[in-house]
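Spelled out from the first residue to the last, the chains are:
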Amino acid sequence: MTNDKPRRRSPGRVLIGALAALALIPVAVISGASPAGAATNQFRGMNWAVLGDNFSTGPLVLSGLSQSDSNATVRAKANALYDDMAAIGVNTVRLPINTHTVGTTWWNAYRGAIDAATARGFKVILAYWEDGAASGGRITNIAAWNTMWSNVTYTYGSNTNVYFEPMNEPHGYSSSEWRTVAANWMSYHYSAVPARTLIGGTGYSQDLRDICNDSRFSGTLLSFHHYAFFYSAMTYDAFRSHIQTRLGNCASRAVVTEFGAPMSTGLNYANASSTDNFVRHIRAVTQVMRDNQMGGTYWPALGGKPTGSSGYDYYSMFALSGSGTNLNLTVRNASGRDRIRYGWGL
């Protein structure tokens, strides 16, 4: 377990060089990995994000939290929010991490959000967001990234409710490059067991076919993203076909860790004959999820990029209210909520 013990914040040049090289050299096929489960609909989740999005060169302070909060305060706030999420069937939360959060004073408090979730039996997906959108979908500092993950996997490697996603939307890499980076991550951070690791698809995690066909990941789960804005407008049937194609033969191991659409504009996601592209998309994604018994974490529960001058992301499922640790979530769109629940198999 040596690789996953926390390291010094400022490793020496030899360690930096070794870690940097680690992400670039090929590794042998990982052996002893048993196939992941035959379905993933045990993940009924939401993303809890920073207001302004998770690409940051600073600490990740989730919507509703304050960097001055203590661990106990974060835990109390998180529990208040998780109560309202659980009321619609949520049992999973996907949380961001970065190298400016893990191992800092804020990390000591931030862990309250993770620990509050696992204590109530929620599953937690910890996903690395690159350190600022300007990094172009690549890991800017391999040594810091590995140090971060060593800290995280050493802390949570034995917690069966915690799952690890090495990188969110690795779009700066070619397929071959990304698969080498991900395979080396698995080899190095071996306390992150494959069955609790989610490897993102190529590009913006929107294509699983190359990952699916790579035997190095045969024992892992796979992270899949699909949004209407990624593509031109499609019919409902075209969306379903497109999503299924991008999943390859690995729908049974895939979790749709991001999908979303406007929830504050009055769209009716129950309308099967709608010509609205967002409605058709959400209905298609959730139908593919249900057909394949796939889980998913909607983007976002709260947080994300504010839309216009509204002060919130209009994709967000919930409106946040309250103060202190007395926080409340209110569903923005009942038909959207119900369609997400349908996708989860509820």
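Quick caveat, the model's predicted, so the values are computed rather than measured.

## Focus: the overall build of the protein
Thinking step 1. For the protein, the count of helices and strands is 10 helices and 10 strands.
Thinking step 2. Relative to its 346 residues, the protein shows a buried fraction of 57%.
Thinking step 3. In the protein, 76% of the contacts between residues at least 6 apart in sequence involve partners at least 24 apart.
Thinking step 4. If you sum the accessible surface of the protein, you get close to 12900 Å²; carbon and sulfur atoms cover 49% of it.

## Here's the deal with the environment of D69
Thinking step 1. With respect to the secondary-structure elements, D69 resides in the loop between β1 (44-51) and α2 (71-86).
Thinking step 2. The class for D69 is buried, based on a relative accessible area of 12%.
Thinking step 3. Each C-alpha atom, one on D69 and one on G324, is 9.8 Å from the other, the two residues being 255 residues apart in sequence.
Thinking step 4. Here D69 is in contact with V74, K77, W106 and A109, once residues within four sequence places are set aside.
Thinking step 5. A polar contact is formed between the side chain of D69 and the side chain of K77, at a distance of 2.9 Å.

## Quick notes on the sheet that holds strand β8 (residues 295-304)
Thinking step 1. Taken in spatial order, the eight strands of this open sheet run β4-β3-β2-β1-β8-β7-β6-β5, and their pairing is parallel. Strands at the two margins of the open sheet, each flanked by one partner only, are β4 (162-165) and β5 (198-200). Here the average twist between neighbouring strands, direction ignored, is 30°.
Thinking step 2. In the sheet, strand β7 (residues 254-258) pairs with β8 via two bridges, with the strands oriented parallel. Looking across to β8, one finds that V255 is bridged to G295.
Thinking step 3. Contacts from α2 reach β1, β2 (92-97) and β8, with the element oriented near 140° to β1.

## Remarks on the nonpolar core
Thinking step 1. Ranked by internal contacts, the top residues of the largest apolar core, which has 93 residues, are M46, W48, Y82, M85 and L95.
Thinking step 2. Of all the elements, helix α3 (residues 105-119) adds the most residues to this core, at eight residues.
Thinking step 3. Every residue in contact with W48, bar those within four places of it in the chain, is listed here: L62, S63, L65, A78, L81, Y82, V93, R94, L95, P96, A113 and L302.
Thinking step 4. F43, L198, L221 and V255 belong to the second-largest nonpolar core, a separate cluster that totals six residues.

## Here we look at the packing of α2 against α3
Thinking step 1. Where α2 meets α3, the axes come as close as 8 Å, and the angle between the chain directions of the two elements is 35°. Crossing angle aside, the handedness with which α2 passes α3 is right-handed. Here N71, V74, R75, A78, N79 and Y82 of α2 come into contact with α3, specifically with W106, N108, A109, Y110, R111, G112, A113, D115, A116, A117 and A119.
Thinking step 2. Here the contact of α2 with α3 is built from residues that sort into 10 nonpolar, four polar and three charged.

## Focus on the packing of aromatic side chains
Thinking step 1. As enumerated under the stated definition, the model contains 20 aromatic pairs in all.
Thinking step 2. Ring centres of Y82 and F122 lie 5.3 Å apart, and the angle between their planes is 50°; on these two criteria the pair is classed as tilted. Here the residue Y82 occupies a position in helix α2, and F122 occupies one in the loop between α3 and β3 (123-128), the gap between them amounting to 40 residues. We note that Y82, like F122, is buried.
Thinking step 3. Within the aromatic cluster, the residues linked to one another by ring pairs are Y204, Y227, F229, F230, Y231, F278, Y314 and Y315.
Thinking step 4. Positioned over the ring face of F122 is R120, at 5.5 Å from the centre of the ring.
Thinking step 5. Directly above the aromatic system of F43 lies the positively charged group of K123, at a separation of 5.8 Å from the ring centroid.

Here is what the cut-offs are and how they apply
- Residues numbered from 1 in each chain as written.
- Predicted model: local features only at pLDDT ≥ 70, side-chain atom pairs only at ≥ 80, totals over all residues.
- Heavy atoms only, no water.
- Helix = DSSP H or I, 4+ residues; strand = E, 2+ residues; numbered from the N terminus.
- Buried < 20%, exposed > 50% of the residue type's maximum accessible area, 1.4 Å probe, protein only.
- Contact = heavy atoms within 4.5 Å.
- Areas by Shrake-Rupley, 256 points an atom, 1.4 Å probe, with all protein chains shown as cover.
- Polar contact = N/O pair within 3.5 Å; in protein donor to acceptor, adjacent residues only side chain to side chain.
- Pairing = 2+ DSSP bridges.
- Axes fitted to C-alpha atoms, helices over the stretch in contact; angles between N-to-C directions.
- Core = buried A, V, L, I, M, F, W, Y, C linked by side-chain atoms within 4.5 Å.
- Left-handed = near helix turned anticlockwise from the far one by under 90°.
- Nonpolar A, V, L, I, M, F, W, Y, C, P; charged D, E, K, R; others polar.
- Phe/Tyr/Trp six-rings, centres within 6.5 Å; stacked < 30°, edge-to-face > 60°.
- Lys NZ or Arg CZ within 6 Å of the ring centre and 35° of its normal.

On their own, these measurements won't tell you what the molecule is for.
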